[in-house]
Amino acid sequence: MNGFIRNGLPLFVLLLLVACSSDSQNPLRIGSNQWIGYEPVYLARQLGYLSEKDVWLVEMRSASQVLDLLASGNLEGGMLTLDEALTAVQRGVPLEVVAVMDISKGADVLLARPNLELKDLKGRRIGVENTAVGAMLLEEALKAAGLKVADVKLVPLEVSEHEAAYLQGKVDAVVTFEPTRTRLLKQGARQIFDSSRIPNQIIDVLVVRSDLGNGERERQIRTLVSAYFKALDYMHLHMQKAVERIAPRLHLSTDEVLNSYKGIQLASLEMNRNFLMHDKLNKLAGRLLKLMLDSSLIDHRVEYRLANPQYLPDKK
Amino acid sequence: MPSLRSINLRFWLPFLMLLSVLVVQGFVLSLAYREINYKVQQDGADKARLYTQQLKSIASELSTGLSLEIVGDLYANYFADVHIETLLLIDETEHVLIANHAVFEGRLINQVLPPKLSMAAVEKALQGRTTVMTDAEHEHIVSYSPVRLGTKAGQLRKARMGVLILDYDYSRERKAILVAVFNQTGLEIALMTLAMLFLFVLIHYYAVRPLRSLIQASRQLAEGEFGARIQVAGRGEIAVLAREFNHMAAKVEQALNAVQERERFLHITLKSIGDAVIVTDPLARVLQLNPVAEELTGWCNEEVQNKPLAEVFPIFNAFTHEKTKDPVGRVLEEGVVVGLANHTVLRSRKGKEYQIADSAAPIKNEDGEILGVILVFRDVTQQYQTEEALRRSQKMDAIGQLSGGIAHDFNNRLGVIIGYLDFLKNYLADDEKPRRWVDTAANATLRCIDLTRQLLTFSRHQSGETKVVNINDELKELETMISRSVTPEVKVTYFLAEDLWLTETDPGELQDTILNLAINARDAMPNGGNLFIETSNKCLDADYAVLNPDVEAGDYVQLMLSDTGIGMNRDTLEHIFEPFFTTKPKGQGTGLGMAMVYGFVKRYAGHIKIYSEPGVGTSMRLYLPRSTTRESVDIVKSEHESELPTGSETILIVDDEVDLLQLAEYYLNELGYRTYLAENAAQALEILAQEKGIDLLFSDVVMPGGMNGYELAQQATQHYPRLKILLSSGFTSKTFSHNGFARFAAHLLSKPYRKADLARRIRRVLDEASSS
């Protein structure tokens, strides 16, 4: 009897409990690399809009790590650039865009040594992440300089390696984005091209795997999306307070953070509706795919409908 | 009988079940929670150890030339684990190589180390010592493990040492379990509550409602609705109980019906009792009267409930008119059956009085406790009167016997005296002076004879010379005499019936009787008044005969004398017919008048009834039997003494009184007859056998020594049919008039007889046809 109470009974109760508690043990795992556009989500967590019970935010060294874990199923969602998302889809990872987070308007940049101009890039070593955004920005920058990709030496770098590679002199220029941009500018780097010159081309999106099923996962996604928009609202109202929370996390000053935000436009709910409901995102994705195909970033094209507006909160 | 404790089943049963389930559940869960918590901790520790081992292995690949990027990618797989709160790999310079917060990378550990982690442990790990720490809440396991990262640049042997910091958080499991426990408990409570509600409803419908109908039926039963039954269906305990209840109710009803039937029967029995019955409680308050009691007391059963018995049943002594002691009181005191005193009279509510006989008995229960008294009584007024009359008549008979016996003897002596006085007078034929003395003596003797005759008239039971008479005629004859007998202040009024029936009687005695009564009436009215003399025809029926045992039912002639005199009290009435009883002053009355009247009436099979009220008057009713003979016949008056018939026949004289025997011999010899003498019957029969020429047997009736005159006459006439018989007697006992001696009764000469009487009777008997 005692044995039953000590072993059998707890086991039995445990089985019952495990059956009941699977959800709270299984939060929605969302991966991201460092990007100020993604910070509103972390802000939402700090402000208590998101609980770890519902959403587990995983900070990754790079988007490629995020993509790897998304593909392996260790993440349910991620914050990616649109092209990264498309890349994953092309690799067979079923993803859908549930929110557009930001539009790069100068946040993605080409930084170079202080003595270099855009036209001086020929034959130089340029560090770039092996992503569509990187490719696209570099291509646009070279196009502006009247150069071709073949005119420069490309050094593929992970985003976490950008700063070190630049400082160690491994590259003459680097295609990067915030917060690395701000840190390198502080080190004397010079911004010779940015995404403000190619509007609405580089956007960041919140994706989730489309094979998560219904019920609890849907609720978690909806919680995440609405928490994100709540954090955006908070930022609009209390920008300074928000930045004071964001800055220590990124090891930046508040000014640096504020400055960083000048390079992007955080996508409002209205803009999200515009993108997700009116096929705008899908069209942009189509264009991007073409570019990626042209740049051999992908080898074939899979038609896929990315946008899923169902998790957007109702209009206020 | 076991005591019955009860709770409200509907509420308490589900509630207690719920409570006990929850207590058990809580106990089990608390046990289980401890175990689970322990297991979670163990699992967490295991997992943390495993991860540390894996991560250390990956990090050590750095020393084999694997790039930091690749190691970082491999580490990234762990970042997604929700349990790993912090994962840091630092190098010997304390710079962060890999962190699950990318922003930490490249920084000094002391800049980025989360506050709850220990820098000291990091330092220790850098010196090659592993530290594993658990936080106060037992939710985190933090391990600080030294990791070999590779060789230092330019040195072959000295390895680059790093530190792997892993903060493994297993609070999620515990929280999850807590939440699950909470959820499950909530769900169970909800389900249990639902189940208990269901149980409540079940109990309500299948236990409480049937019990309520049981209660309802019990109430009905208690309130006297003995037909109350419960509709039963099913075989449950309550159904069994209900069936048992129905069975019990049926039994109760049956038993009660039997009791009621019995009560009804007892009630009817009580009502049917011919005697009156009164039931009282122990305080002598009336509970019930039966119909006879209602009739006698004049109260109605409904009116008398709880009334004191003395009010309903007032009794007093018939003579003293004093209240009789309440018998119920004595019964209650002594607990015994008590009979009523004699002469108890009950006065009814309407004032009517009943002579009653009763008894009162206690009603006792098994323990001998007195619950009340039952009083049984009956109206014995008639019986009492009957007994009184019988007693009186028996007394009169006895007195008659006694006085008759004395008178008889006295008569015989007087007969001798007067006889010899007659002889003496004849003997002193010429001597005037002694003759006068003899006359005086003879007169005194005649007065004595008269008195004796009156006494014998009372005591005699056989009539003398009867005639069919019309009493009205006799009254008319007596009218002058009556008016002379009474005082002028007394007014005599006659009410004579026109077609008055005839009766057979001795007219002389009748007249004596009427005069006697008239004189008594006069004496009762010393200051004058009214005397009503009334005759009528009366039919005395069987009921009257029952009340008056000396009367036979039939037609009677009633003679009534009523006065408005002083009346008589009860005591006087009791003794009125006794000889020598008188209320008159000494010397005025003989005390034989009413005795004679009584004797006369009895002798002629009549009946006398007296009604008297002191101060109001007295009414005497004489009833003489109606005679069937139509005409009253006059008997030829007897001749004068001077013409005494004589004869020469031979006569045998029998008398036990020698003096009378000799006197008779003298008389008969003087009249010319030849005589033989015998002192008793045996002698007489002897003489009859010897002497063949005897014509007449003249015998006394009453003789000592066996054979009386009648028997002698009987035997003699059997042997000598031609023998004539004349009997003489002072009185005749009833027995002699029966037993076939009646034929001799016609030839009876009353004693004492004078010479003339004897002469006439002897002659008449001798002259009768010798056929008898």
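Keep in mind that this is a model prediction, so the values were computed, not measured.

Conventions used here
Residues numbered from 1 in each chain as written. Chains lettered and ligands numbered in written order. Predicted model: local features only at pLDDT ≥ 70, side-chain atom pairs only at ≥ 80, totals over all residues. Heavy atoms only, no water. Helix = DSSP H or I, 4+ residues; strand = E, 2+ residues; numbered from the N terminus. Buried < 20%, exposed > 50% of the residue type's maximum accessible area, 1.4 Å probe, protein only. Areas by Shrake-Rupley, 256 points an atom, 1.4 Å probe, with all protein chains shown as cover. Pairing = 2+ DSSP bridges. Core = buried A, V, L, I, M, F, W, Y, C linked by side-chain atoms within 4.5 Å. Contact = heavy atoms within 4.5 Å. Buried area = accessible area lost by both parts, 1.4 Å probe. Salt bridge = Lys/Arg side-chain N within 4 Å of Asp/Glu carboxyl O. Polar contact = N/O pair within 3.5 Å; in protein donor to acceptor, adjacent residues only side chain to side chain. Nonpolar A, V, L, I, M, F, W, Y, C, P; charged D, E, K, R; others polar. Patch = residues over 30% accessible without salt bridge, like charges linked within 9 Å, V, L, I, M, F, W, Y side chains within 5 Å. 1 Å grid on protein atoms, 1.4 Å probe; cavity = no way out; pocket = protein on both sides within 12 Å on 5 of 7 lines; lining within 4 Å. Points joined across faces, edges and corners; volume = space filled by probe spheres on them. Arc of directions from axis to C-beta. pLDDT = per-residue confidence, 0-100. Axes fitted to C-alpha atoms, helices over the stretch in contact; angles between N-to-C directions. Left-handed = near helix turned anticlockwise from the far one by under 90°. Phe/Tyr/Trp six-rings, centres within 6.5 Å; stacked < 30°, edge-to-face > 60°. Lys NZ or Arg CZ within 6 Å of the ring centre and 35° of its normal.

Before going further, it helps to examine the overall build of chain A. When its secondary structure is counted, chain A shows 12 helices and 11 strands. Expressed as a percentage of the 316 residues in chain A, the buried residues total 56%. Summing over all exposed atoms, chain A offers an accessible surface of approximately 13100 Å²; the carbon and sulfur share of this is 51%.

Across 6 bridges, the pairing between strand β14 (residues 490-495) of chain B and strand β16 (residues 529-540) of chain B is parallel. Across the sheet, Lys-491 of chain B pairs through a bridge with Asn-530 of chain B, a residue of β16 of chain B.

Moving on, we get to the nonpolar core. In this structure, Leu-82, Leu-110 and Leu-281 of chain A together with Tyr-75 and Leu-89 of chain B are the most contacted members of the largest nonpolar core, which totals 135 residues. In contact with Leu-281 of chain A, other than residues within four places in its own chain, are Leu-82, Val-97, Val-100, Ile-203, Val-205, Phe-275, Leu-276, Leu-306 and Ala-307 of chain A. Met-396, Trp-501, Leu-515 and Met-568 of chain B belong to the second-largest nonpolar core, a separate cluster that totals 38 residues.

Chain B puts 37 residues into the contact, and the matching count from chain A is 33 residues. Roughly 3000 Å² of surface becomes buried between chain B and chain A when both sides are summed, with 59% attributable to carbon and sulfur atoms. Together, Ala-80, Val-103 and Arg-172 of chain B form the three largest contributors to the area buried by chain B at its contact with chain A, with a combined 19%. For the pair chain B and chain A, the number of links is 1 salt bridge. In this structure, the salt-bridge partner of Arg-61 of chain A is Glu-105 of chain B, at a minimum N-O distance of 3.5 Å. At the junction of chain B and chain A, the tally comes to 5 residue pairs in polar contact (both at pLDDT 80 or more). Broken down by secondary-structure element, the contributors of at least two residues to the side of chain B that touches chain A are α1 (9-60), α2 (68-79), β1 (84-90), β2 (96-99) and α5 (171-222) of chain B. When grouped by side-chain class, the residues that make up the side of chain B that touches chain A number 21 nonpolar, 6 polar and 10 charged.

We now examine the side chain of Arg-183 of chain A. By secondary structure assignment, the location of Arg-183 of chain A is in helix α7 (residues 180-186). With a relative accessible area of 15%, Arg-183 of chain A lands in the buried category. Beyond its immediate stretch of four places on either side in the chain, Arg-183 of chain A contacts Gln-34, Glu-163, Leu-250 and Leu-252 of chain A together with Val-103 of chain B.

Let's shift gears to a nonpolar patch on the surface. Together, Ile-7, Leu-9, Phe-11, Trp-12, Leu-13, Phe-15, Leu-16, Met-17, Leu-19 and Val-23 of chain B make up an exposed nonpolar region whose accessible area comes to about 900 Å². Checked against the element boundaries, Phe-11 of chain B lands in helix α1.

Attention now goes to the layout of surface pockets. If a probe as big as a water molecule is rolled over the atoms, it shows which places are left empty. All names here are of chain B. Quantified by volume, the second largest pocket comes out at close to 1300 Å³. Considering the residues around the second largest pocket, the lining is formed by 39 residues, among which Gln-385, Arg-392, Arg-570, Leu-573 and Ile-610 are closest to the centre. Elements supplying a minimum of two residues to the lining of the second largest pocket: β11 (353-364), α10 (381-427), α15 (570-575), α16 (593-603) and β18 (607-613). At 8 residues, the largest contribution of residues to the lining of the second largest pocket is made by α10.

Below, the discussion takes up helix α4 (residues 119-126) of chain B. Residues and elements named next belong to chain B. Of the residues making up α4, those classed as buried are Ala-121, Val-122, Ala-125 and Leu-126. Looking down the long axis of α4, one finds its buried residues gathered within 145° of arc, a one-sided arrangement. Where α4 starts, the residue carrying a side-chain oxygen 3.3 Å from the main-chain nitrogen of Ala-120 turns out to be Ser-118. Downstream of α4 by a residue or two, Gly-128 has a phi angle that is positive, lying close to 95°.

Before going further, it helps to spend a moment on the confidence of the model for chain B. All names here are of chain B. A residue-level look at chain B finds 91% of positions with pLDDT of 70 or above and a mean pLDDT of 82. Across residues 631-641, confidence stays below pLDDT 50; counting only partners more than four residues off in sequence or on other chains, it has 14 contacts. Of the regions scoring below 50 in pLDDT, residues 732-738 engages in 14 contacts with residues more than four places distant in sequence or in other chains. Scored as a complex, the prediction yields pTM 0.49 and ipTM 0.74.

We now examine the sheet that holds strand β17 (residues 554-563) of chain B. Residue and element names in this part refer to chain B. The sheet built from 5 strands is open, its strands ordered β14-β16-β17-β19-β18 with mixed pairing. Both outer strands of the open sheet, β14 and β18, are each paired with one neighbouring strand and no more. Here the average twist between neighbouring strands, direction ignored, is 15°. In terms of strand pairing, β16 meets β17 through 10 bridges, oriented antiparallel. Looking at β17, one finds that Phe-532 is bridged to Ser-562. With respect to the sheet, helix α13 (residues 507-524) is in contact with β16, β17 and β19 (617-625), its orientation differing from that of β17 by roughly 35°.

Turning to the side chain of Thr-176 of chain A, a few remarks are in order. Residue and element names in this part refer to chain A. Assignment of secondary structure puts Thr-176 in strand β8 (residues 173-176). For Thr-176, the side chain forms a polar contact with the side chain of His-162, separated by 2.8 Å. Setting aside chain neighbours within four positions, we find Thr-176 in contact with Ala-107, Asp-108, Val-109, Leu-111, His-162, Arg-181 and Leu-184.

As a further point, take empty space enclosed by the protein. Residues and elements named next belong to chain A. In the structure shown here, the tally under the stated rule is 2 cavities of 30 Å³ or more. Looking at the largest cavity, its volume works out to about 160 Å³. Along the walls of the largest cavity sit 16 residues, with Thr-81, Asp-108, Glu-129, Val-133 and Phe-177 positioned nearest its centre. Looking at the lining of the largest cavity, the elements with two or more residues in it are α5 (132-145) and β8.

All right, on to the packing of helix α17 (residues 658-670) of chain B against helix α22 (residues 755-767) of chain B then. All names here are of chain B. Contact pair α17 / α22: the axes reach a minimum separation of 10 Å and the direction vectors enclose 65°. When you trace α17 past α22, the crossing you get is right-handed. Residue-level inspection shows Ala-664, Tyr-667, Leu-668 and Glu-670 of α17 in contact with α22, the latter providing Lys-755, Leu-758 and Ile-762. For the contact of α17 with α22, the residue count by class is 5 nonpolar, no polar and 2 charged.

A separate point is the packing of aromatic side chains. Within this structure, the stated rule accounts for 15 aromatic pairs over all chains. When the ring of Tyr-420 of chain B is compared with that of Tyr-666 of chain B, the centres are 6.0 Å apart and the planes differ by 85°; the resulting orientation is edge-to-face. In this pair, Tyr-420 of chain B sits in helix α10 while Tyr-666 of chain B sits in helix α17, placing the two residues 246 residues apart along the sequence. Residue Tyr-666 of chain B is classed as partly exposed on the basis of its relative accessible area, which comes to 40%. Ring pairing ties together the aromatic residues Tyr-420, Phe-423, Tyr-666 and Tyr-667 of chain B, which thus form one cluster. Across from the ring centre of Tyr-166 of chain A, 4.2 Å away, lies the NZ or CZ of Arg-113 of chain A, which sits over that ring.

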